[in-house]
Amino acid sequence: MRAVEILDINNEAWSRFVAAQPMATCFHEPEWARAVADSYRYRAFVVVQRAQAGDIVSGLPLMEVRRPSGRRRWVSLPFSDECSPLAATGRLAETVVREADLLRQEQGVAELQIRTDLGPGVGSAELVAVTHTATLNGAGEGPPAPLRPRASVRRHVATARRSGVHVRFAETSDDLLRTYYRLHLQTRRRQGVPVQPRRYFQLLWDRMVLPGRGFVLLAEVDGRPVAGAVYLIGGTTVTYKYGASDPGSWALRPNHAVMWTAMTWASDHGYTSFDFGRTDLENLGLRQFKESWGAVERPLSYTTFSGHVDYHRARVVTRALSPVIRHCPAFVCRGLGEVLYRYAG
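Residues numbered from 1 in each chain as written. Predicted model: local features only at pLDDT ≥ 70, side-chain atom pairs only at ≥ 80, totals over all residues. Heavy atoms only, no water.

1. Structural notes on the overall build of the chain
So, step 1. For the chain, the helix and strand inventory stands at 10 helices and 13 strands.
So, step 2. In terms of overall dimensions, the chain is globule-like: its C-alpha atoms have a radius of gyration of 20 Å, near the 20 Å expected for 345 residues.
So, step 3. Taken along its principal axes, the extent of the C-alpha atoms in the chain is 60 × 50 × 35 Å.
So, step 4. Residue burial in the chain is summarised as follows: out of 345 residues, 50% are buried.
So, step 5. Charge separation in the chain, taken as the distance between the mean sites of 44 positive and 33 negative side-chain charges, equals 6 Å. (Helix = DSSP H or I, 4+ residues; strand = E, 2+ residues; numbered from the N terminus. Rg over C-alpha atoms; globule rule 2.2 N^0.38 Å. Buried < 20%, exposed > 50% of the residue type's maximum accessible area, 1.4 Å probe, protein only. Lys, Arg positive; Asp, Glu negative; His and termini not counted. Charge placed at Lys NZ, Arg CZ, Asp CG, Glu CD.)

What follows is the structure, given as structure tokens:
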């Protein structure tokens, strides 16, 4: 086995390796890394290990994030719910992570963070959230299994249908950059959270949606947009990344109509797993919503080498900003996003 090497995230050998890995998700896709890196001016690269024949056998995608103080961190990967090393065996995964940490130390980088739990004795793991996953069919064997959400979900989907909620797939970039983004800005402001820059969604459209690695759904009532969501695709998994809606239309259950459409599409197209994404521990309502679709909840921990990420402190800062965002004009929500997201990765 050869020592590890650093490759550009656009390296063709890495792209082929990712495409061949059954455990890869949208967050391993080089196009995802390129979209995030170009949005926030990060350096994106991958640490790989090769067999003697030269084939890649393990890899860890990374980005370098700089704090305002100049302190550097390597993260796998910013704004990704979960991103584990890709390898044929657990031993190879552990090796490429440890070698990446040695490279970090050699280059004077303060910290390495892997957004998954690597197991006992590997780095320092901290519980940060939960994640939910629903199985869509039997590992590709036979026809897709029917969705099995709770009875309450089926009632809400029927309510949306009777109320005239129509769900469609986004067809142009304006559907994402104007129609969905307006709902997204409204939702983030209501939640008291900064909104991502519009250029980030432009890059998502160009790098993920257009090449078929994602899709956007919009729910409309009499032609008026009332809800929407962004889904990303990688390997055998469809991932729910963002959702937004107009609270004045919640009684019509447009969010249920959107999610039902996404899961049905994923099942019909042979995807075996539907990832509902990361949920904060204290957000019990959202956790219950995801479980109601038949998804299984599991803990989500991140692993850190050298240094300690204080997730509690980060949440305190976010909560302090929330009332400001909720009560200020929309441009404040956008301005804070422009300033803060680059350092939050």
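Let's pick the thread back up.
2. Observations regarding the packing of aromatic side chains
So, step 1. Within the structure shown, the criterion is met by 22 aromatic pairs.
So, step 2. Measuring from centroid to centroid gives 6.0 Å for Tyr40 and Tyr200, while their planes differ by 35°, and the two rings are tilted. Remark: Tyr200 occurs in helix 6 (residues 198-209) and Tyr40 occurs in helix 2 (residues 30-40); sequence separation between them is 160 residues.
So, step 3. Residue classification places Tyr40 among the buried residues on the basis of a relative accessible area of 2%.
So, step 4. Each residue in the set Tyr40, Tyr42, Phe79, Tyr180, Tyr181, Tyr200, Phe201, Tyr242 and Tyr341 is aromatic and connected to the rest through ring pairs, giving one cluster. (Phe/Tyr/Trp six-rings, centres within 6.5 Å; stacked < 30°, edge-to-face > 60°.)

3. Digging into the pairing of strand 12 (residues 273-279)
So, step 1. Of all seven residues that make up strand 12, six are buried, and the element is covered over most of its length.
So, step 2. One ladder, built from six bridges, connects strand 7 (residues 124-135) with strand 12; its direction is antiparallel. Bridging from a neighbouring strand, Thr131 pairs with Arg278 of strand 12.
So, step 3. For strand 11 (residues 237-245) and strand 12, the ladder comprises three bridges, and the chain directions are parallel. Within strand 12, the position partnered with Thr239 by the bridge is Asp275.
So, step 4. Taking the sense of rotation as the criterion, the β-α-β connection linking strand 11, helix 7 (residues 254-268) and strand 12 turns out right-handed. (Pairing = 2+ DSSP bridges. Right-handed = clockwise from strand over helix to strand, strands pointing away.)

By themselves, these are just geometric observations and shouldn't be taken as functional.
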